[in-house]
Amino acid sequence: MLDFDTAQSRLAAAGPAPTTTQEVPLTECHGRILAQSVTATLDLPPSDNSAMDGYAIRHADYQAGGSLPIQQRCYAGDTPEALEPGKTIRLYTGSVMPEGADTVVMQENVTEANEQITINQAPTKGSHVRYQGEDVRANTEMIAAGTKLDAGEIALLASQGMATVTVFASLKIGLLTTGDELAQPGQPRTPEQIYNSNSPMLAALIARLGAKPHRVLHAVDTPEAITKAFQTLLDECDLVLTVGGVSVGDKDLVKPTIEQMGGTMDLWRVRMKPGRPVALAHAQNKPIVCLPGNPVSAYVVFALLVAPLIRTMQGRHTVLPSTRYGRLATTRTLGGSREEFLRVRVHGQSDAMPTIEPHTDQGSAIINSLAWANALARVPADSSIADGDTITFYELAECLA
Ligand code: AMP
Ligand code: MG
């Protein structure tokens, strides 16, 4: 059985990086992966401008109790005149700084009457001015290739005047759930059945990564149904994820079916809990990851082993989640022969050593623990840890970004 870290790095390298790119409108690029680094062409802001509603002055013209005539009212978007000596120009937030002015006095510190102002508080030279290029400098790299585009990056691109951006083609992921006992949500259920919760759960996890569940299928536990589903998914998708049917029961037919189809088994079973029965295979030159059926196992395996592979195939610059440290708060002693990943809540995220509270039920079928947790804590194999011990954890927000 493979150890967790080896499995994680093997999976992270199990698929190709993307080669196809496409130009998409900025309005449709959210969640897409930037294919080429973007270098700024404009200084941002493009010129010195006012950070306040106020008055532009030459600082040297200020005298306590003195007054300055208003030369011009210059709204945001207007062209300012050059500031004449001994005068002021009325500005608003975003108005371009007049040539000759070096300071903005906020309007709250000014009395205006008869087209002149008196300043009620000595201004600091250079205050309330936003300087050209203080945010972004032209000719510097603004966003690295392989970045997943979120609202902040989209704002940067738009602020450069870009209406389109070059991203990698969307990774197409096929999803196959298996099991005779599963009913689809919205359909009637016999007393022996449970609802298929993995399918919508995994579709949501895939979407969080900015990828697409391109095709979602369900197969009953027969080689024929599973083969047929694989044929469709391998034809249409770049990566296939299966759930369930990959253990050692009579009805665990996913592995034998892949082998039957001429696929190669790259790894099977990882020394981790939950999630031991996980497999990596290739068929038609495409990676297939087989996840265990228990919802918690499927979630944990997705977050720690599948998400890095997806990020690799999306062309991301960072694929593995970072390890953090916290202090365990528990009444039990934890640890076993396998690497264990606890569903936990991390309290006091800003602290150097946050507190880690495990969910009270660590069973691999306890879906509640998934809705509750914000992190996965890692208990090393062949170790024993207890209350107050330092433990490493992965934030789910980062694992699934
Ligand atoms: P399996 O690996 O197929 O034996 O599945 C292990 C456990 O996970 C069984 O209790 C299954 O009923 C359950 N399971 C498998 N697939 C799903 C699914 N898509 N949604 C919810 N539970 C599932
Ligand atoms: Mg099954």
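This structure is a prediction, so every number in the text was calculated from the model and none was measured.

Participant: Please set out the nonpolar core residue by residue, giving values where relevant.
Facilitator: In this structure, Leu241, Val289, Leu291, Phe302 and Ile310 are the most contacted members of the largest nonpolar core, which totals 45 residues. Counting residues per element, the ones that place at least two in this core are helix H1 (4-12), strand S13 (172-178), helix H3 (198-208), strand S17 (239-243), strand S21 (286-291), helix H6 (295-314) and helix H8 (396-399). Take this core: its biggest share by element is 14 residues, from H6. Ignoring sequence-local partners within four residues, the contact set of Leu241 consists of Ile173, Gly174, Leu175, Leu176, Ile206, Val289, Leu291, Phe302 and Val306. Within the second largest apolar cluster, 19 residues are counted, among which are Ile226, Val254, Ala279 and Ala281.

Participant: Lay out the sheet that holds strand S18 (residues 264-268) in plain terms, naming residues and giving numbers.
Facilitator: Strand order in the open sheet formed by six strands is S16-S13-S17-S21-S20-S18, with mixed pairing between adjacent strands. In this open sheet, the two strands that pair with only one neighbour each are strand S16 (212-219) and S18. Shown here is a sheet whose adjacent strand axes are inclined to one another by a mean of 20 degrees, direction ignored. Inspection of the sheet shows S17 paired to S21 by four bridges, in the parallel sense. Bridged to Leu241 within S21 is Val289. The sheet strands contacting helix H4 (residues 223-236) are S13, S16, S17, strand S20 (279-283) and S21, and the helix crosses S16 at an angle near 170 degrees.

Participant: Tell me about the pattern of salt bridges, residues and numbers included.
Facilitator: Tallying each qualifying case throughout the model produces 12 salt bridges. Notably, a salt bridge pairs Asp43 with Arg137, separated by 3.9 Å at the nearest N-O pair. Of this pair, Asp43 sits in the loop between strand S2 (38-39) and strand S3 (49-50) while Arg137 sits in the loop between strand S10 (129-130) and strand S11 (141-143), and the two are 94 residues apart along the sequence. Note on Asp43: relative accessible area 15%, which makes it buried. Given the relative accessible area of 46%, Arg137 is considered partly exposed. Three or more residues joined by partner-sharing salt bridges are found here, namely Asp5, Glu339 and Arg378.

Participant: Explain the environment of Gly126 to me, using residue names and the numbers behind them.
Facilitator: Secondary-structure assignment places Gly126 in the loop between strand S9 (116-119) and S10. In this structure, the C-alpha to C-alpha distance between Gly126 and Asp361, residues 235 residues apart in sequence, is 60 Å.

Participant: Go over the domain arrangement of the protein with me, naming the residues and quoting the values.
Facilitator: When cut into domains, the protein gives domain 1 (4-19 + 170-314), domain 2 (21-44 + 134-168), domain 3 (49-130) and domain 4 (324-399). Here the C-alpha centroids of domain 3 and domain 4 sit 57 Å apart.

Participant: So what about empty space enclosed by the protein? Which residues, and what values?
Facilitator: The method is simple in principle: a probe with the dimensions of a water molecule rolls over the atoms, and the space it marks as empty is what remains. Throughout the structure, instances matching the rule amount to one cavity of 30 Å³ or more. Of the pockets and cavities examined, the largest cavity occupies roughly 50 Å³. If you go around the largest cavity, the residues you meet are Gly31, Arg32, Ile33, Phe168, Ala169, Ser170, Leu171, Gly210 and Gln314. Residues belonging to the lining of the largest cavity are distributed by class as follows: four nonpolar, four polar and one charged. When residues are assigned to domains, the lining of the largest cavity turns out to be shared by domain 1 (4-19 + 170-314) and domain 2 (21-44 + 134-168), each giving three or more.

Rules used in this analysis
Chains are numbered independently. Their residues run from 1 in the order of the written sequence. All chains are assigned letters beginning with A, and all ligands numbers beginning with 1, in the order in which they are written. Two thresholds apply to this predicted model, a pLDDT of at least 70 for residue-level local features and 80 or more for giving and counting side-chain atom pairs, whereas whole-chain, interface and lining totals are computed over all residues. Values shown for side chains rest on all heavy atoms present in the structure; no hydrogens or waters enter the calculation. For the purposes of this section, nonpolar cores are sets of buried Ala, Val, Leu, Ile, Met, Phe, Trp, Tyr and Cys residues that join through side-chain atoms within 4.5 Å. Exposure is judged per residue with a 1.4 Å probe applied to protein chains only, and the accessible area is read against the type maximum: over 50% gives exposed, under 20% gives buried, and values in between give partly exposed. Counting from the N terminus, the helices are DSSP H or I runs at least four residues long and the strands are E runs at least two residues long. For this analysis, residues touch if any pair of their heavy atoms sits within 4.5 Å. Any two strands between which DSSP finds at least two bridges are classified as paired. The convention used is that axes are lines fitted to C-alpha atoms, helices contributing only their stretch in contact, and that angles between N-to-C directions extend from 0 to 180 degrees. Definition used for salt bridges: Asp or Glu carboxyl oxygen within 4 Å of a side-chain nitrogen of Lys or Arg. Residue ranges assigned to each domain were obtained from an automatic or database domain assignment. A pocket here means an open set of points on a 1 Å grid, computed over the protein atoms alone, that has protein on both sides within 12 Å along at least five of seven lines. A cavity is instead a set of points where a 1.4 Å probe fits but cannot get out; residues with an atom within 4 Å of a point line either one. Grid points are joined across faces, edges and corners, and a volume is the space filled by probe spheres set on the points. Basically, the charged four are Asp, Glu, Lys and Arg, the nonpolar ten are Ala, Val, Leu, Ile, Met, Phe, Trp, Tyr, Cys and Pro, and anything else, Gly included, counts as polar.

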